[in-house]
Amino acid sequence: MNKRVKSIISDALIYIFLAFMVIIILIPLGWVLSTSIKQEVDIFAKPPVWITDNPTLQSYRDVLTGSGIPKAFLNSTIVGFMTVVFSLIFGGSAGYAFARFKFRGKKVLSLYFLMSQMLPLTVLMIPLYYMINDWGLIDTKIGLSIAHLVITMPMVTWMTKGYFQGIPKEIEESASVDGCNTLQTLIRILMPLLKPAIATTGIYAFVSSWNEFALANVLTRTDASRTVPISLSEFSSYFKVDWGDTMAAAAMITIPIVILFMLVQKHFVEGLTAGAVKG
Amino acid sequence: MKRLSLSKDEKKALIYLLPGFIVTALLIIYPLYYIITMSFSNNAINQSGFAGIANYTKLFKNPQFSKAIVNTAKFTGFSVAGAYVLGYILALAINRRSIKLKGLWRSLIFISWIIPGVVKATSWKWLFRTDGGMFNHLLQSVGLISSEVPWLTSPKFAMWAIIIVQIWATAPYVMLLMTAGLQQISKELYESADLDGAGFLHKLKYITLPLTKDITFICILMLLVWAINEFSLIWIMTTGGQNTSTLSLLVYNQFKMLNLNMASASAVMQLIVTMFFAAFYVKLTVKED
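This one's a predicted model, so the numbers in the text were calculated from it and none came from an experiment.

Chemist: Outline the overall build of chain A, supporting the account with residue identities and numerical values.
Modeler: Summing up its helical and strand segments, chain A has 13 helices and zero strands in all. Along chain A, from the amino end to the carboxyl end, the secondary structure elements read α-α-α-α-α-α-α-α-α-α-α-α-α. Against the globule reference of 19 Å for 279 residues, chain A gives a C-alpha radius of gyration of 24 Å, more extended than a compact globule. Dimensions of chain A along its principal axes, counting C-alpha atoms only, are 75 × 75 × 35 Å. Expressed as a percentage of the 279 residues in chain A, the buried residues total 53%. When contacts within chain A are restricted to residue pairs at least 6 apart in sequence, those whose partners lie at least 24 apart make up 73%. By element, 67% of the accessible surface of chain A is carried by carbon and sulfur atoms, the whole surface being about 12700 Å². Of note, chain A has its 22 positive side-chain charges centred 12 Å away from the centre of its 17 negative side-chain charges.

See the structure below:
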């Protein structure tokens, strides 16, 4: 009996701890939402209040009609989409080669793809700026999405390599007996099998591009290519910050990401931990 | 000529690998070559005039550089230790057999990891405000501080504020990875330890910690590399002021001032530091392949 009581008490303590941690995790986002629906006079109330008596959607209206955010949304979507397409084609086929073929230099090349995921963007930023400038692609969406391949290519290669390795070779062999060549097998047999995995990889690449700040900060200049992180950071760098509008914009750019994440959560978590727990 | 002949597999691999390799060679290998050349040039902008190690000796004498090293070490050390300990405790809590709704707890905690970096930085900047900011208000109402702390506007506190945010942002990643690690441990080990009357700490010391050693290394190396390379969080909260300039911020701010000799030399230093830890990571990850 004593043991049961003890275990009930420790369970209760753990629930309290977890609830407390969840509250801490959610405080910043909660404060963003709380501020975003306040009237200007309530935003600087002392002491601050969590729930306003006079909620308003004015900040959201301001952001939608009078800021660079809607254009930035469009830019981010286009840049993200281009990045995903390029990196799935190039990175996906490289991942396939790593998973299926024996070749000299395989080890060195796979180390290279793994290491490149850890390169500091501030280091690559300087040469990339001058290169993209030479190509005349500063402040263009295509220029930024080329730069984002630096992040997504190694990641997609590494992720798809793992997914392809998960499919038994026999499936492909029987397809080749039936007269499919490698490319046909890849497209007709493997792709349908890997649909959820490819979707996850694509979404992961999209989110990385959507969230990326350092490169976008030096490669974009105007509304022609500015993405959401840059547009948001400009809200809070003005001399006088309109915190209501800033928080409304922050809420608006976070929501699509949270939804995308919830959609792929299961596969995403598997992908993230697969490499690490294999031993 | 024999060495150049390719097997059937190699021919196919070449076709599938080549496009991706060319893209990354152009966007990763070439820029690395570019920045290294810059760092050895008298005139970094057009890479002219071999300067030997002059840019580096100048950099090592610059107090901004030594400060950036100290700041990077402080930011990285404390944030990685904090995130690891907190994340591990969360994983242990969620992994306890009798705890219900494991998936829900995990998703809720994971939120601070997935929100965009700029939103993390901006929302905390707003929380850390003085003159009625929410963070100070919360700390005051539970009695932890008596008067407002100027979190982001004082060189005494700014780095600690940023460390808090980095821990908040990365502990969920540790939680996730360690949960996966804990699930690999066979339940029978705990059952037989229970039969021997082993307590929680005993089991932690002799079963849990040793059996999560490999994944711990991987996790910590990942956190180290991310912390060394962190840019947007610090830049948005302080732009590297108030004694928060880490290597990333030094590189960026020197680049912005078109001080390219110093920017490129410090970039190469950051590259060396990062690749040192990345090499360990790679060694551990590729081991099983």
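Chemist: Now, about the interface of chain A and chain B: what can you tell me, with residues and values included?
Modeler: Across the contact, 97 residues belong to chain A and 99 residues belong to chain B. Here chain A meets chain B over a buried area of about 8800 Å², counting both sides, of which 78% is carbon and sulfur. If you sort the residues of chain A by the area they bury against chain B, I25, M118 and Y130 of chain A come out on top, with a joint share of 8%. With a closest N to O distance of 2.6 Å, D131 of chain B and K46 of chain A form a salt bridge. Where chain A touches chain B, the interface holds 16 residue pairs in polar contact (both at pLDDT 80 or more). Take the side of chain A that touches chain B: its biggest share by element is 19 residues, from helix 1 (residues 2–36) of chain A.

Chemist: Explain the domain arrangement of chain B to me, and be specific about the residues and the numbers.
Modeler: Residues and elements named next belong to chain B. Taken domain by domain, chain B holds domain 1 (2–39) and domain 2 (63–286). Averaged C-alpha coordinates put domain 1 and domain 2 at centres separated by 34 Å. Every contact between the two is made by five residues of domain 1 and, on the other side, six residues of domain 2. Between domain 1 and domain 2 lies a buried interface of about 450 Å² when both sides are counted; carbon and sulfur atoms form 88% of it. It is I35, M38 and S39 in domain 1 that bury the most area against domain 2; as a group they hold 73% of the surface buried on that side. Our count for the contact surface shared by domain 1 and domain 2 stands at zero salt bridges. Across the contact surface, domain 1 and domain 2 share one residue pair in polar contact (both at pLDDT 80 or more).

Chemist: Describe in detail the pattern of salt bridges, supporting the description with residues and values.
Modeler: A side chain with one charge can pair with a side chain of the opposite charge if their charged atoms come near. In this structure the tally under the stated criterion is six salt bridges over all chains. Among the salt bridges present, the one from D11 of chain A reaches R96 of chain B, with a minimum N-O distance of 2.6 Å. In this pair, D11 of chain A is assigned in helix 1 and R96 of chain B in the loop between helix 3 (63–95) and helix 4 (102–114), connecting two distinct chains. For R96 of chain B, a relative accessible area of 27% corresponds to the partly exposed category.

Chemist: Break down the side chain of S36 of chain A for me, with residues and values.
Modeler: Residues and elements named next belong to chain A. If you trace the backbone, S36 turns up in helix 1. Relative accessible area serves as the criterion here: at 0%, S36 is assigned to the buried category. Setting aside chain neighbours within four positions, we find S36 in contact with T56, S59, Y60, G244, M247 and A248.

Chemist: Break down helix 10 (residues 195–211) of chain A for me, citing the residues and quoting the values.
Modeler: Residue and element names in this part refer to chain A. An ideal rise of 1.5 Å per residue puts 24 Å on 17 residues; helix 10 measures up with 24 Å between its terminal C-alpha atoms. Among the 17 residues that make up helix 10, 12 are buried, leaving the element largely enclosed by the rest of the structure. Regarding helix 10, the residues found buried are A197, T200, T201, G202, I203, A205, F206, V207, S208, S209, W210 and N211.

Chemist: Please give an account of the packing of helix 4 (residues 69–100) of chain A against helix 12 (residues 228–235) of chain A that cites residues and values.
Modeler: All names here are of chain A. One way to put it is that helix 4 packs onto helix 12 with a least axis distance of 8 Å and a crossing angle of 155 degrees. Here helix 4 lies roughly antiparallel to helix 12, going by the angle between them. In contact with I69, A72, F73 and S76 of helix 4, helix 12 contributes V228, P229, S231, L232 and F235.

Chemist: For the domain arrangement of chain A, give the residues involved together with the corresponding values.
Modeler: Residues and elements named next belong to chain A. Annotation of chain A at the domain level lists domain 1 (2–56) and domain 2 (67–277). Here the C-alpha centre of domain 2 lies 33 Å away from the C-alpha centre of domain 1. At the junction of the two partners, domain 1 supplies eight residues and domain 2 supplies eight residues. Between domain 1 and domain 2 lies a buried interface of about 590 Å² when both sides are counted; carbon and sulfur atoms form 81% of it. Inspection of the region where domain 1 meets domain 2 yields zero salt bridges. Summed over the shared surface of domain 1 and domain 2, the number is zero residue pairs in polar contact (both at pLDDT 80 or more). Broken down by secondary-structure element, the contributors of at least two residues to the side of domain 1 that touches domain 2 are helix 1 and helix 2 (40–43). Of all the elements, helix 1 adds the most residues to the side of domain 1 that touches domain 2, at five residues. For the side of domain 1 that touches domain 2, the class distribution of residues is five nonpolar, two polar and one charged.

Chemist: Explain a nonpolar patch on the surface to me, using residue names and the numbers behind them.
Modeler: All names here are of chain A. Residues V5, I9, L13 and I16 make up a contiguous nonpolar surface patch of roughly 390 Å² in combined accessible area. Tracing the chain through its elements places I16 in helix 1. Taking the relative accessible area as the measure of exposure, I16 reaches 57% and is therefore exposed.

Chemist: Break down the layout of surface pockets for me, citing the residues and quoting the values.
Modeler: Of the voids in this model, the second largest pocket is the one considered here, and its volume is about 1200 Å³. As for the second largest pocket, its lining consists of 28 residues, and the residues nearest its centre are R96, R97, Y190, F200 and K203 of chain B. At the level of secondary structure, the elements contributing two or more residues to the lining of the second largest pocket comprise helix 1 of chain A together with helix 3, helix 7 (158–183), helix 8 (187–195) and helix 9 (200–211) of chain B. Examining the composition of the lining of the second largest pocket, we find that seven residues originate from one element, helix 1 of chain A, more than from any other. Partitioned by chemical class, the residues of the lining of the second largest pocket number 11 nonpolar, eight polar and nine charged.

Chemist: An account of the packing of helix 8 of chain B against helix 9 of chain B is requested, with residue identities and associated values reported.
Modeler: Residue and element names in this part refer to chain B. Orientation of helix 8 relative to helix 9, taken along the N-to-C sense of each, is 170 degrees, at an axis distance of 11 Å. Taken as axis vectors, helix 8 and helix 9 run roughly antiparallel relative to one another. Facing helix 8, whose interface residues are L189, Y190, A193 and D194, helix 9 presents K203, I207, T208 and L211. Residues of the contact of helix 8 with helix 9, tallied by class, amount to five nonpolar, one polar and two charged.

Rules behind the numbers
Once a new chain begins, its residue numbering starts again from 1 and follows that chain's sequence as written. The lettering of chains begins at A and the numbering of ligands begins at 1, in the order of writing. For this predicted model, a pLDDT threshold of at least 70 governs which residues receive local features, and a threshold of 80 or more governs which side-chain atom pairs are given and counted, while totals over whole chains, interfaces and linings are taken from all residues. Only hydrogens and water are set aside; all other atoms, that is, all heavy atoms of the structure, feed into the side-chain values. Working definition: helices are DSSP H or I runs of at least four residues, strands are E runs of at least two. Numbering for both runs from the N terminus. The globule rule used here is 2.2 Å times the number of residues to the 0.38 power, and the radius of gyration it is set against is calculated over C-alpha atoms. Only protein chains enter the accessibility calculation, which uses a 1.4 Å probe; a residue whose area is less than 20% of its type maximum is buried, one above 50% is exposed, and one in between is partly exposed. Whether two residues are in contact is decided by their heavy atoms: any pair within 4.5 Å suffices. Residue-level accessible areas treat just the shown protein chains as cover; the underlying method is Shrake-Rupley with a 1.4 Å probe. Working convention for charge: Lys and Arg count positive, Asp and Glu count negative, and His plus the chain ends are omitted. Charged side chains are reduced to one point each, which is NZ for Lys, CZ for Arg, CG for Asp and CD for Glu. Defined in terms of a 1.4 Å probe, buried area is the accessible area two parts forfeit on being brought together, summed over both. By definition here, a salt bridge exists when the distance from a side-chain nitrogen of Lys or Arg to a carboxyl oxygen of Asp or Glu is within 4 Å. Any pair of nitrogen or oxygen atoms within 3.5 Å is treated as a polar contact; in protein, a donor-acceptor pairing is required on top of that, and neighbouring residues in sequence qualify only through side-chain atoms on both sides. Start and end points for every domain follow an automatic or database-based domain assignment. Expected span of a helix, by definition, is 1.5 Å for each gap between consecutive residues, and there is one gap fewer than residues. Between the N-to-C directions of two axes lies an angle of 0 to 180 degrees, each axis being a line fitted to C-alpha atoms and, for a helix, fitted only over the stretch in contact. Roughly parallel here means an angle under 35 degrees, roughly antiparallel means over 145, roughly perpendicular means 65 to 115, and every remaining angle is called oblique. Residues are grouped as follows: Ala, Val, Leu, Ile, Met, Phe, Trp, Tyr, Cys and Pro are nonpolar; Asp, Glu, Lys and Arg are charged; every other residue, Gly included, is polar. Residues forming no salt bridge and having over 30% relative accessible area are the ones grouped into patches, like charges within 9 Å of each other and nonpolar side chains (Val, Leu, Ile, Met, Phe, Trp, Tyr) within 5 Å. Lining residues are those with an atom within 4 Å of a point, where the points come from a 1 Å grid over the protein atoms alone and group into cavities, where a 1.4 Å probe fits but cannot get out, or pockets, open sets with protein on both sides within 12 Å along at least five of seven lines. Grid points are joined across faces, edges and corners, and a volume is the space filled by probe spheres set on the points.

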